[in-house]
Structures are given as structure tokens and as C-alpha cells.
Amino acid sequence: NFTINLTNLGLASNTATTITFILKQGSTGYYPSALQIGGVAQTYNTNWYWQGGSTPTGTANKKDIVSYSITNNGGTYTTYAQLVSFG
């Protein structure tokens, strides 16, 4: 599993964006286990949430689509994430 670090996000205060990653998985499925914005960790307890409330796992030999909806609330980021697997 790996960390995503979004650098130079450039998200103005009180705006939102969506970022999507397409992961072509091999015999072992991986997923982003951590997210950073400008090197600052986004954590489960504060601003990092997975759809359904639990961390997914990568799906072997498929394509996983990971999408993040990110809001900048006056300098504080809130991040929502989802992972969907496709054959």
C-alpha cells in the first residue's frame, strides 16, 4: 500500500475539487493507505473518510478507481474517498 501526497493543490478557500486515480492492479491489489496534502497527513479521525466508513482493500487483477472529494474550509481540508473495482 502507498501514500498519496498532493502537492501544489492550489485549492482556494471555500472551494472543492475531485481527484481520481485509476489503479491497474496486478496479482496483489494495493490501495492508498494514507493521503497527504502538501506533506500534511489527512487522518481518519479528523479529515479523511472512506465511503462506507471502513478502509477498502485493493482488488487483485482488476482496475480500482479511487476518487477523492476535497473541500478547503478556510484552510482546513476535509477529504472524502471511495474505491470502486472494475473487471
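Residues numbered from 1 in each chain as written. Predicted model: local features only at pLDDT ≥ 70, side-chain atom pairs only at ≥ 80, totals over all residues. Heavy atoms only, no water.

*Asks:* Give me the overall build of the chain: which residues, what numbers.
*Replies:* A tally of regular secondary structure across the chain gives zero helices and seven strands. Reading the chain from its N terminus to its C terminus gives the helix and strand order β-β-β-β-β-β-β. Computed over its C-alpha atoms, the radius of gyration of the chain comes to 13 Å, within 12% of the 12 Å expected for a compact globule of 87 residues. Along the longest, intermediate and shortest principal axes, the C-alpha atoms of the chain span 40 × 25 × 20 Å. For the chain, with 87 residues in total, the buried portion stands at 33%. Sequence-distant contacts in the chain: of pairs separated by 6 or more residues, those separated by 24 or more amount to 70%. (Helix = DSSP H or I, 4+ residues; strand = E, 2+ residues; numbered from the N terminus. Rg over C-alpha atoms; globule rule 2.2 N^0.38 Å. Buried < 20%, exposed > 50% of the residue type's maximum accessible area, 1.4 Å probe, protein only. Contact = heavy atoms within 4.5 Å.)

*Asks:* With reference to specific residues and values, describe the side chain of Gln42.
*Replies:* For Gln42, the location among the structural elements is in strand β4 (residues 40-42). A distance of 3.1 Å separates a polar side-chain atom of Gln42 from the backbone oxygen of Val40. (Polar contact = N/O pair within 3.5 Å; in protein donor to acceptor, adjacent residues only side chain to side chain.)

*Asks:* Account for the nonpolar core, with residues named and values stated.
*Replies:* Grouped together as the largest cluster of nonpolar side chains are 15 residues, with contacts concentrated most on Leu6, Trp50, Val66, Tyr68 and Ile70. Those elements that provide at least two residues to this core are β1 (2-6), β2 (15-24), β3 (32-37), β6 (63-73) and β7 (76-86). (Core = buried A, V, L, I, M, F, W, Y, C linked by side-chain atoms within 4.5 Å.)

*Asks:* Give me the environment of Thr79: which residues, what numbers.
*Replies:* Turning to its location among the elements, Thr79 is positioned in strand β7. Given a relative accessible area of 0%, Thr79 falls into the buried group. Taking the C-alpha atoms as reference points, Thr79 and Ser69, separated by 10 residues in sequence, lie 5.8 Å from one another.

*Asks:* How would you summarise the pairing of β3 if you had to cite specific residues and measurements?
*Replies:* Examined bridge by bridge, β1 and β3 share five bridges and lie parallel to one another. Across the sheet, the residue bridging to Phe2 is Pro32, located in β3. Strand direction decides the pairing type here: β3 and β4, joined by three bridges, are antiparallel. Directly across from Gln36, in β4, lies its bridge partner Ala41. (Pairing = 2+ DSSP bridges.)

*Asks:* I'd like a description of unusual backbone geometry, backed by residues and values.
*Replies:* One non-glycine residue, Asn8, lies in positive phi territory at about 55 degrees. Relative to the assigned elements, Asn8 resides in the loop between β1 and β2. A relative accessible area of 77% means that Asn8 is categorised as exposed. A positive phi angle is found at Asn61, which is not glycine, with a value near 60 degrees. Take Asn61: it is sitting in the loop between β5 (48-50) and β6. Judged by relative accessible area, which is 56%, Asn61 ranks as exposed.

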